[in-house]
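Fold and geometry: a report
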Amino acid sequence: AKWVEDKHRPSLSLVYLPHLDYGLQKAGPEAASTETELALIDETAGELAAFLEERGVRVVVLSEYGITPVDRPVYLNRVFRDKGWITLKEELGRELLDLGASRVFALADHQAAHVYVRDTSLLEPVAEVLRSTPGVERVLDAAGKREAGLDHPRAGDLVALADKRSWFSYYYWEDDRKAPDFARCVDIHRKPGFDPVELFINPALRIPKVRAGWKLLKKKLGFRMLMDLIPLDATLVKGSHGRLPEDSLDWPVLAGDFPDLPESLEATGVRDWLLLACGWPESEKPVPDSRGEFS
């Protein structure tokens, strides 16, 4: 970020600092290690802010979400598997989820899951199954999606929201020996959903750093290999986000020199406040209403 500022002097620079994101998903916001993560991000953010302000850059702090404690993963695709709604294909003893052939499948994203129902006759039965699944707090149908602002063409036919102690895992296999090879790797493109378990090293591995070093050496030598260091235990995850927390102290934060910034605003209004901060031309400047939203 410092190099980009010195080299290009952008009108807007978005810098992601992952300390609290990763640390709080792993250990949860209630863990003692949170204090260490707070100290690290405080030092890093303070140093970066001082560097930018010395160059006349206006600094804004923005968090996309607040992480809250969880202790229950919910496996919607395993529920659909029990109902016979998903289609699997086996390759070399591994089970792969065939999304195109499945009548129903879930795309998991923390505490929200988009559920796609190819067989429209199953729409209401799927909704009923979701409502009866422990850990699911709400199920949004077409009307619910419109009300929530999620009626997008690529949104799921149904959207499931977890309760405050639960989150959605993409796992669909029932026997870890048949888990796909990418399940034990950091592989964001082949997994049907976000996998926070990628933040962990498998505790069952002996001397994991040596194992990782050996695999990197094999890769440099041109051998095919899998960096399969990730466990298959979703209960390790202790923090998540996606639903609207009851306590406003768990909401995301926008902080900066904004004289008219209201106490709260819709997430969709953040964009215009950032454009104001980076010098929106005075002649085109919009005026926020009493709720901090722009027309």
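Overview of the structure. (Residues numbered from 1 in each chain as written. Predicted model: local features only at pLDDT ≥ 70, side-chain atom pairs only at ≥ 80, totals over all residues. Heavy atoms only, no water.)

1. Side note on the pairing of strand 7 (residues 112-117)
Pairing geometry for strand 6 (residues 104-109) and strand 7, over six bridges, is antiparallel. Along strand 7, the bridge assignment pairs Phe 105 with Tyr 116. Counted along the chain from strand 6 to the antiparallel partner strand 7, the turn is two residues long, and its residue His 110 has a positive phi close to 60°. In the sheet, strand 7 pairs with strand 9 (residues 158-162) via four bridges, with the strands oriented antiparallel. (Pairing = 2+ DSSP bridges. Helix = DSSP H or I, 4+ residues; strand = E, 2+ residues; numbered from the N terminus.)

2. With respect to the packing of helix 2 (residues 19-27) against helix 3 (residues 33-54)
Their axes nearest at 9 Å, the elements helix 2 and helix 3 cross at an angle of 175°. On the basis of their axis angle, the class for helix 2 and helix 3 is roughly antiparallel. Of the residues in helix 3, those in contact with His 19, Leu 20, Gly 23, Leu 24 and Ala 27 of helix 2 are Ser 33, Thr 34, Glu 37, Leu 38, Leu 40, Ile 41 and Thr 44. A per-class count over the contact of helix 2 with helix 3 returns six nonpolar, five polar and one charged. (Axes fitted to C-alpha atoms, helices over the stretch in contact; angles between N-to-C directions. Parallel < 35°, antiparallel > 145°, perpendicular 65-115°, else oblique. Contact = heavy atoms within 4.5 Å. Nonpolar A, V, L, I, M, F, W, Y, C, P; charged D, E, K, R; others polar.)

3. Some thoughts on the nonpolar core
It is characteristic of soluble globular proteins that their nonpolar side chains tend to be buried jointly. One finds Leu 76, Phe 80, Val 115, Val 126 and Phe 168 to be the most contacted residues of the largest nonpolar core, which totals 39 residues. Mapped onto this core, the elements with two or more residues apiece are helix 4 (76-82), strand 5 (94-97), strand 6, strand 7, helix 5 (123-131), strand 8 (136-140), strand 9 and strand 10 (166-168). With four residues, the top contributor of residues to this core is helix 5. Those residues within four positions of Leu 76 in sequence are excluded, and the remaining contacts are Ala 106, Ala 113, Leu 130, Thr 133, Val 136, Ala 160, Phe 168 and Ser 169. Ranked by size, the runner-up nonpolar core spans seven residues in total, among them Leu 254, Phe 258, Val 270 and Ala 277. (Core = buried A, V, L, I, M, F, W, Y, C linked by side-chain atoms within 4.5 Å. Buried < 20%, exposed > 50% of the residue type's maximum accessible area, 1.4 Å probe, protein only.)

4. Remarks on the sheet that holds strand 8
In spatial order, the strands read 6-7-9-8; together these four strands make up an open sheet with antiparallel pairing. Strand pairing shows two members of the sheet lacking a second neighbour, strand 6 and strand 8, which therefore form its edges. Averaged over all adjacent pairs, the angle separating strand axes in this sheet is 25°, with direction ignored. Here strand 8 pairs with strand 9 via four bridges, running antiparallel. Within strand 9, the position partnered with Val 139 by the bridge is Ala 160.

5. Regarding the pattern of salt bridges
Counted by the stated rule, this structure contains 20 salt bridges. As a salt-bridge pair, Asp 163 and Arg 72 come within 3.0 Å of each other at their nearest N and O atoms. One end of the pair, Asp 163, is in the loop between strand 9 and strand 10; the other, Arg 72, is in strand 3 (residues 72-74), and 91 residues separate them in sequence. Here the salt bridges share partners, and the residues they tie into one network are Asp 6, Glu 54 and Arg 55. (Salt bridge = Lys/Arg side-chain N within 4 Å of Asp/Glu carboxyl O.)

6. Considering the packing of aromatic side chains
What the rule picks out here adds up to nine aromatic pairs. Relative to Tyr 171, the ring of Tyr 75 lies with its centre 5.9 Å away and its plane at 15°, an arrangement referred to as stacked. Residue Tyr 75 is found in the loop between strand 3 and helix 4, and its partner Tyr 171 is found in the loop between strand 10 and helix 7 (208-220); the two are separated by 96 residues along the sequence. Look at Tyr 170 and Tyr 171: their rings are 5.3 Å apart centre to centre, the planes differ by 85°, and that puts the pair in the edge-to-face class. (Phe/Tyr/Trp six-rings, centres within 6.5 Å; stacked < 30°, edge-to-face > 60°.)

7. Brief notes about the environment of Lys 215
Tracing the backbone through its elements, the reader meets Lys 215 in helix 7. Sequence separation between Lys 215 and Asp 228 is 13 residues; the distance between their C-alpha atoms is 9.2 Å. The residues contacting Lys 215, other than those within four sequence positions of it, are Met 225, Leu 226, Met 227 and Asp 228.

8. Overview of helix 8 (residues 270-277)
Across the eight residues of helix 8, six count as buried, placing the element largely inside the fold. All of the buried residues along helix 8 are Val 270, Asp 272, Trp 273, Leu 274, Leu 276 and Ala 277. Buried residues in helix 8 make contact with strand 1 (61-62) and strand 12 (254-255). At the C-terminal side of helix 8, Gly 279 shows a positive phi close to 95°.

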